[in-house]
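The lines below spell out each chain.
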Amino acid sequence: MKHFKNRHPYMFIAPAVILLSLFSLIPILIAFVISFTDMNLKGLADWSNISFIGFENYKDLFSDSTFLQSIYNTLFYVVIGVPLVIICSLSIALLLNYGTSWLFNTFRAVFYMPSITNIIAVAVIWGYLYNTEYGLFNYLLSVLSLESVPWLEDPTIAKISLILLAVWKGIGINMIIFLAALQGIPKSYYEAAEMDGANRFQVLFNVTLPLLRYATFFVTVTTLIGWMQFFEEPFVMTDGGPLDGTISIALFIYKEGFQFSEFGYAAAGSFILFAMIILVTLVQFKFRKSDTEY
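Overview of the structure. Computed from a prediction, not measured in an experiment: that's the story for all the values here. (Residues numbered from 1 in each chain as written. Predicted model: local features only at pLDDT ≥ 70, side-chain atom pairs only at ≥ 80, totals over all residues. Heavy atoms only, no water.)

### Here we look at the environment of I50
Okay, so step 1: Topologically, I50 is positioned in the loop between helix 3 (41-45) and helix 4 (56-61).
Okay, so step 2: Residues I50 and G264, spaced 214 residues apart in sequence, show a C-alpha to C-alpha distance of 9.6 Å. (Helix = DSSP H or I, 4+ residues; strand = E, 2+ residues; numbered from the N terminus.)

Spelled out as structure tokens, the structure:
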């Protein structure tokens, strides 16, 4: 009877648990099983063509030069892109937080717009900007009597070009999070610091930034996870080229699964990426926990 009375909490969470299981947990388990098979289009049509091959897909991945290149490229994106997004988002949020006039509100909308703009439209615009012959960026360089830059033709420069695009597109959401955190700081802290004679830089580093640590941690975790799944920009701008110089792990998985129909191979790659994301996230939480202990 007691168990029957306590059914109501389970009834409330049941819809969310059912949806999570159907569209997340069960597909993950199925993909995990597929990663140990040689499943392809033939296997999809007739399950009798599917063979269990154990860890062969995982072994082949780490001897696949394209996959190893995708890991390097993804780490390149993360190491450069994540700090840039966080620094730019926080800087813009700090500047916009100083005023509440219509001008500041307008700039908030301007900085937020790229994050909700369709990636195809963004790719068309930035494709013209990066064009080697008649792009705006190389035109500005020619005005300054500088040589043109192969923005999307050199592997390293192409990666940096995609990072600039992704940073421009990703600033908006993080800026809103930082703005919300800034507006949640009690004004009494600033008044106390002003009474103690602190200047703006002292207030920034001793009051504002320490009180933004939770927002910064959240932004760091979500941004890092997003950049480890870097996909849209290389997919629409370079298709992983030149010479696989911009291919990311997510794009590699997409190509193997949906272009080459190697579903088992792609599933194995997706779980390597999954493991990398889990590992990096756990490390961040570990550092965060050690910071709160002091």
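### Side note on helix 11 (residues 200-211)
Okay, so step 1: Between its first and last C-alpha atoms helix 11 spans 15 Å; for twelve residues at 1.5 Å apiece the expected length is 16 Å, and the two agree.
Okay, so step 2: Every buried residue belonging to helix 11 is among V203, V207 and T208, and all of these are buried. Down the axis of helix 11, the buried side of the element spans an arc of 85°, and every buried residue falls inside it. Turned more than 90 degrees from where helix 11 packs its buried face, F201, F205 and N206 sit exposed.
Okay, so step 3: On its buried face, helix 11 sits against helix 5 (65-96), helix 9 (155-183) and helix 10 (187-195).
Okay, so step 4: The N-cap residue of helix 11 is N199: its side-chain oxygen and the backbone nitrogen of F201 are 3.2 Å apart. (Expected span 1.5 Å × (residues − 1). Buried < 20%, exposed > 50% of the residue type's maximum accessible area, 1.4 Å probe, protein only. Arc of directions from axis to C-beta. Contact = heavy atoms within 4.5 Å. Polar contact = N/O pair within 3.5 Å; in protein donor to acceptor, adjacent residues only side chain to side chain.)

### Focus: the packing of helix 6 (residues 102-112) against helix 9
Okay, so step 1: As a packed pair, helix 6 and helix 9 sit with axes 8 Å apart at the nearest point and diverge in direction by 140°. Relative to helix 9, the element helix 6 is oriented oblique. Facing R108, F111 and Y112 of helix 6, the residues of helix 9 in contact are G172, I173, M175, I176, L179 and Q183.
Okay, so step 2: When grouped by side-chain class, the residues that make up the contact of helix 6 with helix 9 number six nonpolar, two polar and one charged. (Axes fitted to C-alpha atoms, helices over the stretch in contact; angles between N-to-C directions. Parallel < 35°, antiparallel > 145°, perpendicular 65-115°, else oblique. Nonpolar A, V, L, I, M, F, W, Y, C, P; charged D, E, K, R; others polar.)

### Remarks on a nonpolar patch on the surface
Okay, so step 1: On the surface, a nonpolar cluster with roughly 610 Å² of combined accessible area is contributed by I18, L19, L22, F23, I26 and I30.
Okay, so step 2: Positionally, L22 belongs in helix 2 (residues 7-34). (Patch = residues over 30% accessible without salt bridge, like charges linked within 9 Å, V, L, I, M, F, W, Y side chains within 5 Å. Areas by Shrake-Rupley, 256 points an atom, 1.4 Å probe, with all protein chains shown as cover. Salt bridge = Lys/Arg side-chain N within 4 Å of Asp/Glu carboxyl O.)

### Details of the packing of aromatic side chains
Okay, so step 1: Applying the stated criterion across every chain, the model contains 26 aromatic pairs.
Okay, so step 2: Directly above the ring of F76 sits K159, whose terminal nitrogen or CZ lies 5.5 Å from the centroid. (Phe/Tyr/Trp six-rings, centres within 6.5 Å; stacked < 30°, edge-to-face > 60°. Lys NZ or Arg CZ within 6 Å of the ring centre and 35° of its normal.)

### Here we look at the side chain of N138
Okay, so step 1: By the element assignment, N138 lies in helix 8 (residues 136-143).
Okay, so step 2: Taking the relative accessible area as the measure of exposure, N138 reaches 5% and is therefore buried.
Okay, so step 3: A polar contact is formed between the side chain of N138 and the backbone nitrogen of V149, at a distance of 2.9 Å.
Okay, so step 4: Not counting the four nearest positions on each side in its chain, N138 is found in contact with N131, T132, S148, V149 and W151.

Any link to function would need more than the numbers given here.
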